[in-house]
Amino acid sequence: MCGIVGYIGYQKASPILINGLIRLEYRGYDSAGISTIESDGLSIMKDKGRVRNLYDLDGIDDLKGTIGIAHTRWATHGKPSKENSHPHQDNSKTFSVVHNGIIENYNELKKFLIENGYKFYSDTDTETIPNLIHYYYMKNKNTGIQRFLEAVRNACADLKGSYALEIICKDYPDNMIVTRKDSPLVIGKGNGENYISSDIPAILSFTRDFYLLNDFEIVLLSRDEAKFYDMDLNNIDKKTKTIEWDATSSEKNGFDDFMLKEIYEQPTAIRETIGSKFSENSKCEFEELNFDKDFLSNIKRIYIVACGTAMHAGLAGKNAIEKLCRIPTEVDIASEFRYREPLIDDKTLCIFISQSGETADTIAALKLSKSHGAKTLAISNVIGSSITREADYCLYTHAGPEIAVASTKAYTSQVILLVILAIYFAEILEINTEKVNSLKKEILTLPKKIEETLKSSSQIEDFAKKVYQEKDIFFLGRGVDENVAKEGSLKLKEISYIHSESYAAGELKHGPIALIEKDVTVIGIMTDEKLVEKTVSNLQEVITRGAKTLIITNQKIDESMFDMVINIPKIDCFVSPILSIIPLQLFSYYIAKEKGLDVDKPRNLAKSVTVE
Ligand code: M6R
């Protein structure tokens, strides 16, 4: 999705802006642009295509301005083109604006502005914003910076939808205004300079101290200061937060791709997420939660709501919560949850999972649940992200920044956090004590076992080389392994573009088996002793029909039946998805590499889906 970078300080802005945009490339985009304040007014340089193309634009080297805004666009209104790229300006070129989000009432605003003499040169919703600011600016009788502030505030009050905005004005060469609603924006505080971005990693190499903006906050930036206002332009007091991620964690560190690096970071991500939440002999603690027996006994239903991979992590969470705590738990896709009239009241706990914390559907589902009186708990990897600020309670995974579009370490970190949460609930409710104690011991062995599992990499690479030209690949499993089959199949689709389906192994004979023919590849996952025999029988059915098979297992099976078997360490089924997904992540990765695809930035996809 679109990305924003901004700079106000004493250094030349353009290289800082372009480098910041390069760091945001992983989010997906189709065009890029910057605007700076120069001695003769506002510069504007933009085009469709890669960020690096900006370096080739005529005049880019002549820019001297020390204040500027920048944007990568992911087309929503209007095709990728120079005209539709950001920044956009008003007709008189007094304001330059970049915008993330969608202005839902832009048609109405455009009509109003056209009636008032404004012309439009793009198909975007964004172009209404600089013109609307200009409209209010011209009407304002104030002098000084108040005129700029009021014009922005009045324009924002007219906007419906979502926005993160950076605005510069040629009449105020020492200031910038930024604001947001339902779209992320942070300010990094430097010494005599301020950095702005939609994403922390883009500016992490400059500062660790961030101001996290809330909806409807307007910030007037100068080189030395950030003044915060509400929509009535009353001052707001705001403190910075220190972000612990280090800048090198947003770089490839010798790996060919971010995805591979992130797969290999899973032992650390899991170790960090487990943290010191419990030890073998101590009860599980979450400093951020103050749940007690009364609180939990009053919860009659739990919903886990998320999208894509985060939703698949939710399935592992449901398994643990229902089995360990005996609380009915449903997992919902956020975009469906909102419209299916879910049964929510004050005895409902809704858990929202989002790596980015900015997924529009997940945020909307969270707001709906709150409005129905539910208790809400957010799980995210990004400190201060929107869901963490919206929810009543919040827990963080400690995966470090995840750059590749395909989620890997965020998924396994979400699974472990949900299982630990289930343990925490069970200990408060004083049930399943024996099981919980043995599970805690198992969890502590996970980082080592992930390292062992990663050793299957070359075996997987060999298999990927054999099947990378396939048109269809199927994933089968039962119980928790079916959830992993879903995630494995999603991973393969998104980065290799191979059509893939996942099924509960027992469902095969109720239809999908009709698709199995000679040489089709079927991947079976078997980590549950109780279910292994049944899954083997289902796999026998596909082998009889000529399928090639890859098996991921930690069970004793007759390996001679299958084309390749990847043995992973034995572990409790509650957390086996954390190990069994790893060969499947590597499988997708090696297939995409063999096909020569851009693993980190698959087509049509964005890292953070901030539109519904
Ligand atoms: O940031 P979120 O966790 O809310 O993102 C949810 C999905 O968009 C995300 O998991 C997506 O499915 C991944 N690209 C899958 O690898």
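Because the structure is predicted, anything quoted here is derived from the model rather than measured.

Draft legend 1. The arrangement of helix α12 (residues 409–429) in detail. The first and last C-alpha atoms of α12 sit 30 Å apart over 21 residues, in line with the 30 Å expected at 1.5 Å per residue. Within α12, 21 of the 21 residues are buried, which leaves it mostly tucked inside the rest of the structure. Immediately beyond the C-terminal end of α12, within one or two residues, lies E430, with a positive phi of roughly 55°.

Draft legend 2. Layout of the site of the ligand. Taken together, 14 residues form the shell around the ligand, and within it S354, Q355, S356, T359 and E494 come nearest. Within the contact set of the ligand, an oxygen atom lies 2.6 Å away from a side-chain nitrogen or oxygen of S354. At 2.8 Å from an oxygen atom of the ligand is found a main-chain nitrogen or oxygen belonging to S407. Among the secondary structure elements, those contributing two or more residues to the shell around the ligand are α8 (308–325) and α16 (480–496). When grouped by side-chain class, the residues that make up the shell around the ligand number 5 nonpolar, 7 polar and 2 charged. Viewed by domain, the shell around the ligand spans two of them, domain 2 (250–444) and domain 3 (455–594), each represented by three or more residues.

Draft legend 3. Spatial organisation of the domain arrangement of the protein. Domain annotation for the protein reports domain 1 (3–243), domain 2 (250–444) and domain 3 (455–594). Here the C-alpha centroids of domain 2 and domain 3 sit 26 Å apart. Opposite the 30 residues of domain 2 that make contact, domain 3 presents 23 residues. Taken together, both faces of the contact between domain 2 and domain 3 bury some 2,200 Å²; the carbon and sulfur share is 67%. Looking at the side of domain 2 facing domain 3, the largest losses of area belong to H312, Y411 and E442, adding up to 21% of the total buried there.

Draft legend 4. Quick peek at the packing of helix α13 (residues 433–444) against helix α14 (residues 446–454). Contact geometry for α13 and α14: axes closest at 5 Å, N-to-C directions at 50°. The pairing of α13 with α14 is recorded here as oblique in orientation. Facing E442, I443 and L444 of α13, the residues of α14 in contact are L446, P447 and K449. Grouping the constituent residues of the contact of α13 with α14 by class yields 4 nonpolar, no polar and 2 charged.

Draft legend 5. Looking closely at the pattern of salt bridges. The full count for this structure, using the stated rule, is 29 salt bridges. The partner of K238 in a salt bridge is E217, with the nearest N and O atoms 3.1 Å apart. With K238 in the loop between β14 (235–236) and β15 (241–242) and E217 in the loop between β11 (209–212) and β12 (218–221), this pair connects stretches of sequence that are 21 residues apart. R301 serves as the salt-bridge partner of E330, at 3.0 Å between the closest nitrogen and oxygen. Highlighted residues: E330 in strand β17 (residues 329–333) and R301 in strand β16 (residues 301–306), separated in sequence by 29 residues. In this structure E330 comes out as partly exposed when scored by relative accessible area, which is 29%. Judged by relative accessible area, which is 25%, R301 ranks as partly exposed.

Draft legend 6. Summary view of the packing of aromatic side chains. Counted by the stated rule, this structure contains 19 aromatic pairs. Measuring from ring centre to ring centre gives 6.2 Å for F295 and Y393, while their planes differ by 80°; the resulting arrangement is edge-to-face. Of this pair, F295 sits in helix α7 (residues 293–297) while Y393 sits in strand β20 (residues 393–396), placing them 98 residues apart in sequence. For the pair formed by F295 and Y393, the shared burial category is buried. Taking the centre distance of 6.1 Å and the plane angle of 40° together, the rings of F463 and F587 count as tilted. Within this pair, whereas F463 is found in helix α15 (residues 457–467), its partner F587 is found in helix α18 (residues 576–594), the two being separated by 124 residues in sequence. A residue is classified by how much of its surface remains accessible, and F463, at 3% relative accessible area, is buried. Take F587: its relative accessible area is 0%, and that puts it in the buried class. In this structure an aromatic cluster arises from ring pairing among F286, F291, F295, Y393, Y424 and F425. Just above the ring of Y137 sits the side chain of R147; from NZ or CZ to the centre is 3.9 Å.

Each value, and the rule that gives it
Along each chain, residue indices are assigned from 1 in the same order as the chain's sequence is written. The predicted origin of the model limits local features to residues at a pLDDT of at least 70 and limits the giving and counting of side-chain atom pairs to 80 or more, whereas totals for whole chains, interfaces and linings rest on all residues. The basis for every side-chain value is the complete set of heavy atoms in the structure, and neither hydrogens nor water enter the calculation. By definition, any uninterrupted DSSP run of H or I lasting at least four residues is a helix, any uninterrupted run of E lasting at least two residues is a strand, and each is numbered from the N terminus. Multiplying one less than the number of residues by 1.5 Å gives the expected span of a helix. When accessible area is computed with a 1.4 Å probe and restricted to protein chains, residues below 20% of their type maximum are described as buried, those above 50% as exposed, and intermediate ones as partly exposed. Only a single heavy atom is needed: when it lies within 4 Å of a molecule or strand, its residue is near that molecule or strand. N or O atoms closer than or at 3.5 Å make up a polar contact, with two conditions inside protein: a donor-capable atom paired with an acceptor-capable one, and, for residues adjacent in sequence, both atoms drawn from side chains. Think of it as three bins: nonpolar holds Ala, Val, Leu, Ile, Met, Phe, Trp, Tyr, Cys and Pro, charged holds Asp, Glu, Lys and Arg, and polar takes everything else, Gly as well. Where a domain begins and ends is set by an automatic assignment or by a domain database. Note on contacts: a residue pair qualifies if any of its non-hydrogen atoms lie within 4.5 Å across the two residues. Buried area, as used here, totals the accessible surface that two parts lose on assembly, with accessibility defined by a 1.4 Å probe and the loss added over both. Fitted lines through C-alpha atoms give the axes, limited to the stretch in contact for helices. The angle between two N-to-C directions lies from 0 to 180 degrees. Each angle receives one of four descriptions, namely roughly parallel if under 35 degrees, roughly antiparallel if over 145, roughly perpendicular if within 65 to 115, and oblique otherwise. Should a side-chain nitrogen of Lys or Arg be within 4 Å of a carboxyl oxygen of Asp or Glu, the pair is scored as a salt bridge. We call Phe, Tyr and Trp rings a pair once their centres come within 6.5 Å, taking the six-membered ring for Trp, and we label the pair stacked below 30 degrees between planes, edge-to-face above 60, and tilted otherwise. Should the NZ of a Lys or the CZ of an Arg lie within 6 Å of a ring centre and within 35 degrees of the ring normal, that charge is described as sitting over the ring.

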